[in-house]
Amino acid sequence: MEISVLLDNKTDEDLFSGDFFEDISKILFDNVKAENDFIEISLLILDDAKIREINRLYRGIDKPTDVLSFPMNPEESAAKYMIGDVVISADKAKKQAEDADISFERELAYLYIHGLLHLLGYDHELSEAEEKIMFDLQENILTQVIEAGICS
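**Q** Give me the lowdown on the pattern of salt bridges, citing residues and values where you can.
**A** For the coordinates displayed, the defined rule picks out 6 salt bridges. A salt bridge links aspartate 8 to lysine 10; its shortest N-O distance comes to 3.4 Å. Its salt-bridge partner being arginine 56, residue aspartate 62 comes within 2.7 Å of it at the nearest N-O pair. Residue aspartate 62 is classed as partly exposed on the basis of its relative accessible area, which comes to 43%.

The following block contains the structure:
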């Protein structure tokens, strides 16, 4: 399977290459048994001010958030060519990493995994059972990412 992450960093943060996110994507898609030969994801990294605008515009919530996901077509099977957009706040990721005493790269990986799972139809806000399924899978994938040496 070939995975392409179209990374657009609109912050002053020095981020990891697209390979960082593609390597995480490969582990995730191995876990969800994606069957496509090629998958493309758009990843946008913003500051809190810009993600707040998007959150207000699309969700009606006037505050910054850590990650947003916009599936290309939520009615279709999750593993399509272009599956959608993930938007991450570098400001939130940095603050959450400091608060949890973990690396910035680990928090970015966690938020990216969370966003991808939303693109694939997982939704922790539907029920406690769905929350458990999504968060267990998210933790399992993050553990595999750490074990693969992609982040620490």
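Don't stop here, the text continues.
**Q** Describe the layout of surface pockets, listing the residues and the values that go with them.
**A** If you add up the space inside the largest pocket, you get close to 410 Å³. In this structure, the largest pocket is lined by 17 residues; those nearest its centre are Val67, His114, His118, His124 and Glu125. Going through the elements one at a time, α2 (48–59), β3 (67–71) and α4 (104–119) are the ones with two or more residues in the lining of the largest pocket. Tallied by class, the residues present in the lining of the largest pocket amount to 7 nonpolar, 6 polar and 4 charged.

**Q** Break down the pairing of strand β4 (residues 82–89) for me, with residues and values.
**A** Within β4, 6 of the 8 residues are buried, which leaves the element mostly enclosed by the surrounding structure. Pairing between strand β2 (residues 38–46) and β4: 7 bridges, direction parallel. Residue pairing for β4: leucine 46 is matched across the bridge by serine 89. Bridge count between β3 and β4: 5 bridges; the pairing is antiparallel. Opposite valine 67, over in β4, you have isoleucine 88 as the bridge partner.

What counts and what doesn't
- Per chain, the residues get numbers from 1 upward, laid out in the order the sequence is written.
- This being a predicted model, a pLDDT of at least 70 is required before a residue's local features are given, and a value of 80 or more before pairs of side-chain atoms are given or counted; all residues contribute to the totals for chains, interfaces and linings.
- In computing side-chain properties, one takes all heavy atoms of the structure into account and sets aside hydrogens as well as water.
- Throughout this description, the term salt bridge denotes a Lys or Arg side-chain nitrogen within 4 Å of a carboxyl oxygen of Asp or Glu.
- Burial classes follow relative accessibility: with a 1.4 Å probe on protein chains only, a residue under 20% of its type's maximum area counts as buried, one over 50% as exposed, and anything between as partly exposed.
- Within this scheme a cavity is a closed region of a 1 Å grid, computed over the protein atoms alone, that accommodates a 1.4 Å probe without allowing it to escape, whereas a pocket is open but has protein on both sides within 12 Å along at least five of seven lines; lining residues each have an atom within 4 Å of a point.
- Grid points are joined across faces, edges and corners, and a volume is the space filled by probe spheres set on the points.
- Secondary structure elements are defined from DSSP: runs of H or I of at least 4 residues count as helices, runs of E of at least 2 residues count as strands, and each element is numbered from the N terminus.
- Gly is put with the polar residues, along with every residue not named as nonpolar or charged; the nonpolar set is Ala, Val, Leu, Ile, Met, Phe, Trp, Tyr, Cys and Pro, and the charged set is Asp, Glu, Lys and Arg.
- Think of it this way: DSSP has to see at least two bridges between two strands before they count as a pair.

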